[in-house]
Number of protein chains: 2
Amino acid sequence: MRFTIRLAQVSGAAVALSLAAGTAAFAQTDPLPSWNDGATKTAIVEFVEAVTTAGGPDFVGAADRIAVFDNDGTLWAEKPAYVQLFFALDRVKALAPEHPEWTTQEPFASVLKGDMKGALAGGHKAIAEIIAATHSGMTTDDFAETVAAWFSTAKNPEKDRLFSQMTYQPMHELLDYLRANGFQTFIVSGGGIDFMRVFSDDLYGIPPAQVIGSTGQLKFELQDGVGPVLIKQPEIALVDDGPGKPVGIQMHIGQEPIFAFGNSDGDLQMLQYTCLPEGPSFCGIVHHTDAEREWAYDRNSDVGKLDKGLDAAAADGWTVVDMKSDWKTVFPAEGNN
Amino acid sequence: MRFTIRLAQVSGAAVALSLAAGTAAFAQTDPLPSWNDGATKTAIVEFVEAVTTAGGPDFVGAADRIAVFDNDGTLWAEKPAYVQLFFALDRVKALAPEHPEWTTQEPFASVLKGDMKGALAGGHKAIAEIIAATHSGMTTDDFAETVAAWFSTAKNPEKDRLFSQMTYQPMHELLDYLRANGFQTFIVSGGGIDFMRVFSDDLYGIPPAQVIGSTGQLKFELQDGVGPVLIKQPEIALVDDGPGKPVGIQMHIGQEPIFAFGNSDGDLQMLQYTCLPEGPSFCGIVHHTDAEREWAYDRNSDVGKLDKGLDAAAADGWTVVDMKSDWKTVFPAEGNN
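Residues numbered from 1 in each chain as written. Chains lettered and ligands numbered in written order. Predicted model: local features only at pLDDT ≥ 70, side-chain atom pairs only at ≥ 80, totals over all residues. Heavy atoms only, no water.

As recorded in an unreviewed UniProt entry, chain A goes by the name Haloacid dehalogenase, listed as coming from Amorphus orientalis.

Shown next as structure tokens:
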């Protein structure tokens, strides 16, 4: 396929234009209308103004305005489980007719019985087997089409809302605000790079080349009657989580960020890499404190555990977003994202 | 170190502004003044006009205007050997005092005696050992500083000209022309990604994030009294050559290019990946035919062998640049690049 598969091309999902256009008109009044006034919003705005003030002591040229964002739990919701895990489980069900052996083979047998607890009892090994079985063996184009089709209708089971509508409105505004100020915005996520690229441009205005994620090996083939393809392999090239995040940043960007946002201990090293060196920098953490509008969790959560990160934020002066008090709204109005 | 090491910051080398500004003024008259009029230049200009003509049958939106360029032999000279090999050999000499064992251990012993033929007699294995010994064990920042310092004075031994002055003037103009027409320009080279990023922005106007190359593993460390660093490891993450080039393109860009330029069989799969699918595309090959101004070589060369690529170009209708007849000038005027 010649061009990148984008959601808008393959689905009738309510995936509309990004908010970039919508918020531009308000930029002069309030660039972050969904953020309540207070220390958090002030810290963001003061940092952006400092690094973009030509001649100021903290000025940073546009070429060095690199901003990195975790995805799960930072740009969109990650509860009750990662979106990509729901995709993988649905793929196990869809592929089951081709794999009769799965009816007795764990973790697939439990998945097919709808027993998620049993399926995930095998921990990382079980998840790795599920990912390998559902994320390799096909071309990158076929994989992208499968993700796009799934994503157009898949919903968060607890909120009964399309996953594409579970992004955070305040973070959309923050991405737009940074880009309007000359930043390049990158996703740096433990999620799969080929998975996220299907929706990153439509959801966040982040093109495929600015998506960094966990990456599987690929194999080039020139197939008769088909042409050149890349086959997704089960072997892992990069685990873009924890200490793998600075590695992914260096491999893909080759520059140290000056702005980073995460929400869990998996983001700790990315935040350290961004904010411990001298010079102007901003590190933010989305703290999930809103059990009513979203979910409330931190130090003891199975998904998105935030423990060391909270301690580091306090020690290093990073900005912790209190979702409940800092955000006027959490999700975009239905139909936007 | 906070910001990317760039040549201009660390050396007094004659690394001036890119030609982007210089050629912009001529864009309306002749965007490619160093290219002789003829079929090659016409093919390039007609392609760019076709994909940028809104409403035309071959129009391609700016987001999909991805152009990829090999580096060695395509953007700069690769004879008598790759620039990076000269760097590695010089590093062996510089590091020898710390490695007394090298005086008797091949391939290092031959390098230290100035016996290049002996040093390279071990083939790929010998080169891999030299690269591992000189490209790993240090932080990415230290490596970049070392490359920048070396690059500021290192010369091509046959032409007695700074390597930074051995870029191709017509290719500078082509990069500028494409960018002026909304293309994103990427390097996709078998050369080391961390090596090329030191000079890619200064030489070609290509920022670090748009450089794809062979990549070593990295290890994140939070060092006491130093802070976060990335240590270059001897293990290889990506060999960005031959079938590895489409893999590197997918991993870094996530989109198929519509424009590709190479010069050797190591670029064959990148050209196939770009030009065999349906839709508008352009593939070019720099054919080294100018023994007087540069070097003349193709099917039987040890460096930059072009054999299958010439056959594929004929079969698939790719554009072959005859350096001798298509290029008015080869290298930039001294002091420019």
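There's plenty left to go through after this.
Student: Even after reading the chapter, I still don't get the overall build of chain A, so can you show me in this structure?
Tutor: When helices and strands are tallied, chain A shows 15 helices and 10 strands. Along the first, second and third principal axes, the C-alpha atoms of chain A reach 65 × 45 × 35 Å. Expressed as a percentage of its 337 residues, the buried residues of chain A come to 57%. Residue pairs in contact within chain A that sit at least 24 positions apart in sequence constitute 68% of those at least 6 positions apart. If you average the places of the 24 positive and of the 45 negative side-chain charges in chain A, the two averages end up 4 Å apart. (Helix = DSSP H or I, 4+ residues; strand = E, 2+ residues; numbered from the N terminus. Buried < 20%, exposed > 50% of the residue type's maximum accessible area, 1.4 Å probe, protein only. Contact = heavy atoms within 4.5 Å. Lys, Arg positive; Asp, Glu negative; His and termini not counted. Charge placed at Lys NZ, Arg CZ, Asp CG, Glu CD.)

Student: Just to check I follow, could you spell out the interface of chain B and chain A for this structure?
Tutor: Frequently, the measure chosen for interface size is the accessible area removed from exposure when the parts meet. Each side of the interface is counted separately: chain B has 46 residues, and chain A has 46 residues. Between chain B and chain A the total buried area reaches about 3800 Å² when both faces are included, carbon and sulfur atoms providing 58% of it. Inspection of the chain B/chain A interface yields zero salt bridges. In this assembly, chain B and chain A are joined by 10 residue pairs in polar contact (both at pLDDT 80 or more). Elements supplying a minimum of two residues to the side of chain B that touches chain A: helix H8 (140–151), helix H10 (193–196), strand S5 (211–223), strand S6 (227–238), helix H12 (244–252) and helix H13 (268–275) of chain B. Counting residues per element, the side of chain B that touches chain A draws most heavily on S5(B), which supplies six residues. When its residues are assigned to classes, the side of chain B that touches chain A shows 24 nonpolar, 14 polar and eight charged. (Buried area = accessible area lost by both parts, 1.4 Å probe. Salt bridge = Lys/Arg side-chain N within 4 Å of Asp/Glu carboxyl O. Polar contact = N/O pair within 3.5 Å; in protein donor to acceptor, adjacent residues only side chain to side chain. Nonpolar A, V, L, I, M, F, W, Y, C, P; charged D, E, K, R; others polar.)

Student: Looking at this structure, how should I read the relation of the copies chain B and chain A?
Tutor: When chain B is fitted to chain A, the best match, at an RMSD of 0.0 Å, comes from turning it 180° and sliding it 0.0 Å along the axis. A rotation of that kind, with that shift, is consistent with a two-fold axis. Considering only C-alpha atoms, the part of chain B nearest the rotation axis is His252(B), at 3.2 Å. (Least-squares fit on C-alpha atoms with pLDDT ≥ 70 in both.)

Student: Help me understand the pattern of salt bridges in this model?
Tutor: Opposite charge on two side chains lets them pair, provided their charged atoms get close. If you walk through the whole model with that rule in mind, you get 29 salt bridges over all chains. The closest approach of N and O atoms between Asp307(B) and Arg299(B), which form a salt bridge, is 2.7 Å. Salt bridges linked by common partners bring Asp30(A), Asp37(A) and Lys41(A) together as one network.

Student: Sorry, what's going on with the pairing of strand S4 (residues 184–192) of chain B here?
Tutor: Each regular strand carries side chains that alternate between the two faces of the sheet. All names here are of chain B. Most of S4 is tucked away, with seven of its nine residues classed as buried. Pairing geometry for strand S1 (residues 66–69) and S4, over four bridges, is parallel. Looking at S4, one finds that Ile 66 is bridged to Gln 184. Relative to S5, S4 is paired through three bridges, and the arrangement is parallel. Of the residues in S5, the one forming a bridge with Gly 192 is Ser 214. (Pairing = 2+ DSSP bridges.)

Student: Sorry if this is basic, but what is going on with the state of the cysteines here?
Tutor: Working definition: the covalent bond between the sulfur atoms of two cysteines is a disulfide. Residues and elements named next belong to chain A. Throughout the structure, instances matching the rule amount to two disulfides over all chains. Across a sulfur-sulfur distance of 2.2 Å, Cys 275 and Cys 283 are joined as a disulfide pair. The chirality of the disulfide connecting Cys 275 with Cys 283 is right-handed, given an S-S dihedral of about 110°. The exposure classification of Cys 275 matches that of Cys 283, with both residues buried. (Disulfide = S-S within 2.5 Å.)

Student: For this particular structure, what's the right way to read the environment of Glu49(A)?
Tutor: By secondary structure assignment, the location of Glu49(A) is in helix H3 (residues 39–52). Take Glu49(A): its relative accessible area is 46%, and that puts it in the partly exposed class.

Student: Help me understand helix H4 (residues 83–95) of chain B in this model?
Tutor: Helical periodicity: at 3.6 residues per turn, an α-helix aligns residues three or four positions apart in one direction. Residue and element names in this part refer to chain B. Counted at 1.5 Å a residue, the expected span for H4 with its 13 residues is 18 Å, and the 18 Å between its end C-alpha atoms agrees. Of the positions making up H4, those classed as buried are Val 83, Gln 84, Leu 85, Phe 86, Phe 87, Ala 88, Leu 89, Val 92 and Leu 95. Tucked inside the fold, the buried residues of H4 contact helix H5 (108–112), helix H6 (116–120), helix H7 (123–135), H8, S4 and H10. (Expected span 1.5 Å × (residues − 1).)

Student: Can you help me understand the packing of aromatic side chains in this one?
Tutor: The full count for this structure, using the stated rule, is 48 aromatic pairs over all chains. For the ring pair Phe69(A) and Phe259(A), a centre distance of 5.9 Å and an interplane angle of 40° mean the geometry is tilted. Of the two residues, Phe69(A) sits in strand S1 (residues 66–69) while Phe259(A) sits in strand S7 (residues 259–262), which places them 190 residues apart along the sequence. With a relative accessible area of 0%, Phe69(A) lands in the buried category. Between Trp150(B) and Phe163(B) the ring centres are 5.7 Å apart and the planes differ by 25°, which places this aromatic pair in the stacked class. (Phe/Tyr/Trp six-rings, centres within 6.5 Å; stacked < 30°, edge-to-face > 60°.)

Student: I'm lost on the environment of Ala260(A) in this one. Help?
Tutor: Residues and elements named next belong to chain A. Within the element layout of this structure, Ala 260 appears in strand S7. Taking relative accessible area as the criterion, Ala 260 reaches 0% and is therefore assigned buried. Look past the residues within four positions of Ala 260 in its chain and what remains in contact with it is Val 68, Leu 271, Thr 274, Phe 282, Cys 283 and Gly 284.

Student: Which parts of the structure should I look at to understand the environment of Leu175(B)?
Tutor: Residue and element names in this part refer to chain B. If you trace the backbone, Leu 175 turns up in helix H9 (residues 169–180). Classification of Leu 175 as buried rests on a relative accessible area of 0%. Linking Leu 175 and Gly 205, residues 30 residues apart in sequence, is a C-alpha distance of 8.4 Å. Here Leu 175 is in contact with Phe 69, Leu 75, Thr 185, Tyr 204 and Ile 206, once residues within four sequence places are set aside.

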